[in-house]
Amino acid sequence: METAALPARPLLPRWSGWAVALLAFLILWKFGAGLVPWAFDYPRGWTVPAARWITGFTKWLLNEATFGLFTFAEFTRFIAAVIDFPYRIVLSLLSTGFLKGEGSAAVQITPPLSWVAVIVVFALVGLRAGGWRLAALVAACLGFIAVFGQWQSAMVTLASILVAVPLGVLGGGALGILAWRSPVFERAIRPVLDLMQTIPVFAYLVPILFLFGFGPTAAVVATLIYAMPPMTRITHLALTRVPGELTDLGRMVGCSRRQMLWRVMVPASMPALMVGVNQVIMLSLNMVIIASMIGAGGLGFDVLAALRRLDFGAGLEAGLAIVALAVALDRLSQAFAVSKAGTVATGNIVERHPYLAGALATILIAGLVGLVLPAVQSYPKAAELSTGRFWSDVVAWINVNFFDTIEAVKNAVLLNLLVPFKRFLLGLPWLGVAGLLGYAGWRLGGWRLAALVAVLAGLIAATGQWEKAMITVYLCGISVMFAMLIGVPIGILAAERERLWTVVRVVIDTLQTLPSFVYLMPAVMLFRVGDFTAMIAVVAYAVAPAIRYTVLGLQGVDPRLLEAGRAMGCTPRQILWRIKLRLAAPEILLGLNQTVMFALSMLVITALVGTRDLGQEVYIALTKADPGRGLVAGLAVAFIAIITDRLIHAGARAARARLGLEEGAA
């Protein structure tokens, strides 16, 4: 009787490769400084002068480049003029009124739209998209902005959004359609989109300031570049996911290529495309503060000015006004994404377009009444409220009464955790780190991932950014660790309790819509400038995805597996640790990935509080209008983000395969 052949056992355990790689790394770290000093300090003679090349190329573009009939400088001025024209019209309607003349000699011909008219018009849009509840929410958000004295600044911000969003949707949609039509173009544009979404926002501002100058038009251009990639990705994804039955039907009825796109594919993809519109709106609002550094004005400028004065109350009120504007625009775009076309109305023009007629009538009536009653035209100053002084006093009270405790905690964390970890990372050999990352990529995703992460790590060293990159990694790593230690337990508690999750979701939604600069003000007022302050601000900003993805993973566990665990006599703790958390691990890993992305984006902002990392390089480049220096530092941050993203995603895929959560998993 023959016995069944047993599977061959590996000669070495699975972890033996890691053991060898770590041993080689430790040998290089401990004994390699004298033998191969260049593996620790990248030789200056080998440094790639990328910053000088980029700055020289930018100057050549601006001063010498020509397309025959026009120069590149004339081309940028044309783009600025094309964007400036609609912006000035919208700004005149919402904020300044139509003016005759320029500067201090300008004379107002007609006033801007009444605050009452703007609120009613947006409420009518909400009524059309989602009914009375949405209309009331939108009116309440805009009313909040008026009552707290932020109306004028909010209208300047809204003017930028109303211009940037349509241009971003059109540009991103067009690129998405091209990517859908041409696989070659899609493969070519994918790494560009990856870089655009991982390069710090400050880095966008440096070449834009250099090419377009200082002013609101340059800010709109920066917002466009920042907000277009999600629309491109979502457009391509939505078109590729249109059911084949619809395309087959279109061919059967004889649709041409253009008709197939605009009459079949785009209508079928409309809900997903509206999600892209929503993303463009949110990213544009996220950009308003940073764009204020190159002349955008509005609420972003108010927050930035409050940060410079360390006026937490004023900054918080301006930040909450941005949140209110974000909530109103977010809910409107979401409502349009799920709304369905109604029956075609008949009758006269008013009966066919009742909401438009109501909006025009409101604008006319409010404008006429506003000529007699100024309070209808502009919200009266006497009726404005402010809690800014209260919040500033709260922070000042905490600072006065708990100064010694705060300083003790700060110094303990600095001396026992931050400084040792920083010194540890700065002492690592760049060659060993690049090799270890390459090995991790090979084990998780094969030779392509290994080559990608190793080359990107090498490029950081080759451009002279290794030391600052390690400081960035140190701040990001510590902040992400604390964010996960806070976020994962909160997510575990919230996933089990629906009422608690409702409250937590409101809090993290608010945290994710608050401008990043708002987090810096209380941190600076309580802890002064430095790495500890940066860490506190980053943790507060990055904790939301850690909570959200933990809840998502735990709530997505198959209930049948939980029932099986209970039937086998598992205790609640065993069900949590041995079933729920194991099955939710891939989603928690993705939450870790998003937490890293949030932390990296916030670290560039914390350059304002005295960090000495890559973010500081980008900020210095912005102040000196040095596009090469800013882009090289920004690309180094992007490389760190791409390395982290690819490795964590590969790890999450491997975890899902081991757990049998993917088709084809063994």
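Above: the structure in question.
Fair warning: this is a prediction, and the values are worked out from it, not measured in the lab.

**Q** Help me get a handle on the overall build of the protein, residues and values and all.
**A** Helix and strand counts for the protein stand at 28 helices and two strands. Against the globule reference of 26 Å for 666 residues, the protein gives a C-alpha radius of gyration of 28 Å, in line with a compact fold. Principal-axis analysis of the C-alpha atoms gives the protein an extent of 95 × 65 × 65 Å. Of all 666 residues assigned to the protein, the portion counted as buried reaches 47%. Summarising the internal contacts of the protein: among those between residues at least 6 apart in sequence, 78% fall at separations of at least 24.

**Q** Quick rundown of the pattern of salt bridges? Include the residues and the values.
**A** Taken as a whole and judged by the stated rule, the model has ten salt bridges. The partner of R331 in a salt bridge is D330, and the shortest N-O contact between them spans 2.5 Å. When its relative accessible area of 34% is taken as the criterion, R331 is described as partly exposed.

**Q** Please provide a residue-by-residue account of the packing of aromatic side chains, values included.
**A** According to the stated counting rule, one finds 19 aromatic pairs in the structure shown. Between the aromatic rings of Y42 and W46, the centroid separation amounts to 6.0 Å while the plane-to-plane angle is 85°, which identifies the pairing as edge-to-face. In textbook terms, an aromatic cluster arises when at least three aromatic residues are bridged by ring pairs, as seen for W29, F421, F424 and Y474. Note that K30 overlies the ring of W29, its terminal NZ or CZ placed 4.7 Å from the centroid.

**Q** Any chance you could break down the side chain of S269 for me, citing the residues and the numbers?
**A** In this fold, S269 is placed in helix α11 (residues 257-291). In terms of polar contacts, S269 uses its side chain to reach the backbone carbonyl oxygen of A238, at 3.4 Å. Not counting residues up to four positions away in its chain, the partners in contact with S269 are A238, L239 and V242.

**Q** Hey, could you go over helix α27 (residues 614-624) for me, with residue numbers and the actual values?
**A** Among the residues of α27, L614, G615, Q616, E617, V618, A621 and L622 are the ones counted as buried. Where α27 is buried, its residues touch α8 (201-212), α21 (466-496), α26 (572-605) and α28 (627-658). Taken from the residues just after α27, A625 is the one with a positive phi, measuring 50°.

**Q** Tell me about the side chain of N278, and please be specific about residues and values.
**A** As for its position among the elements, N278 is in helix α11. Of the residues examined, N278 reaches a relative accessible area of 8% and is grouped as buried. Here S333 takes part through its side chain, which lies 2.7 Å from a polar atom of the side chain of N278. Aside from chain neighbours lying at most four places away, what touches N278 is D330, S333 and Q334.

**Q** Give me the lowdown on the nonpolar core, citing residues and values where you can.
**A** Counting residues in hydrophobic clusters, the biggest one holds 177 residues, and the most contacted among them are W151, F202, I294 and F517. Considering every element that reaches this core, the biggest residue donor is α11, with 18 residues. With residues up to four places along the chain from it excluded, the contact list for F517 reads F202, I289, I290, M293, V303, L304, L307, I605 and L608.

**Q** Residues and numbers for helix α9 (residues 216-240), please.
**A** For α9, with 25 residues, the first-to-last C-alpha span of 37 Å sits near the 36 Å given by 1.5 Å per residue. Along its length, α9 reaches its greatest deviation from straightness, about 35°, at A227, and the proline P229 lies no more than four positions downstream.

**Q** Before we move on, could you go through the packing of helix α13 (residues 312-338) against helix α17 (residues 388-401) and cite the residues and values that matter?
**A** Where α13 meets α17, the closest approach of the two axes is 7 Å, and the angle between their N-to-C directions is 130°. Put simply, α13 runs oblique to α17. Note on packing geometry: the crossing formed by α13 with α17 is right-handed. In this structure, α13 contributes F312, G313, A314, L316 and E317 to the contact, and α17 contributes G388, W391, S392 and V395. Considered class by class, the residues forming the contact of α13 with α17 number five nonpolar, three polar and one charged.

The rules behind these values
- Residues numbered from 1 in each chain as written.
- Predicted model: local features only at pLDDT ≥ 70, side-chain atom pairs only at ≥ 80, totals over all residues.
- Heavy atoms only, no water.
- Helix = DSSP H or I, 4+ residues; strand = E, 2+ residues; numbered from the N terminus.
- Rg over C-alpha atoms; globule rule 2.2 N^0.38 Å.
- Buried < 20%, exposed > 50% of the residue type's maximum accessible area, 1.4 Å probe, protein only.
- Contact = heavy atoms within 4.5 Å.
- Salt bridge = Lys/Arg side-chain N within 4 Å of Asp/Glu carboxyl O.
- Phe/Tyr/Trp six-rings, centres within 6.5 Å; stacked < 30°, edge-to-face > 60°.
- Lys NZ or Arg CZ within 6 Å of the ring centre and 35° of its normal.
- Polar contact = N/O pair within 3.5 Å; in protein donor to acceptor, adjacent residues only side chain to side chain.
- Core = buried A, V, L, I, M, F, W, Y, C linked by side-chain atoms within 4.5 Å.
- Expected span 1.5 Å × (residues − 1).
- Bend = angle between axes of the 7 residues up to and from the residue.
- Axes fitted to C-alpha atoms, helices over the stretch in contact; angles between N-to-C directions.
- Parallel < 35°, antiparallel > 145°, perpendicular 65-115°, else oblique.
- Left-handed = near helix turned anticlockwise from the far one by under 90°.
- Nonpolar A, V, L, I, M, F, W, Y, C, P; charged D, E, K, R; others polar.

Read these as spatial facts, not as claims about activity.
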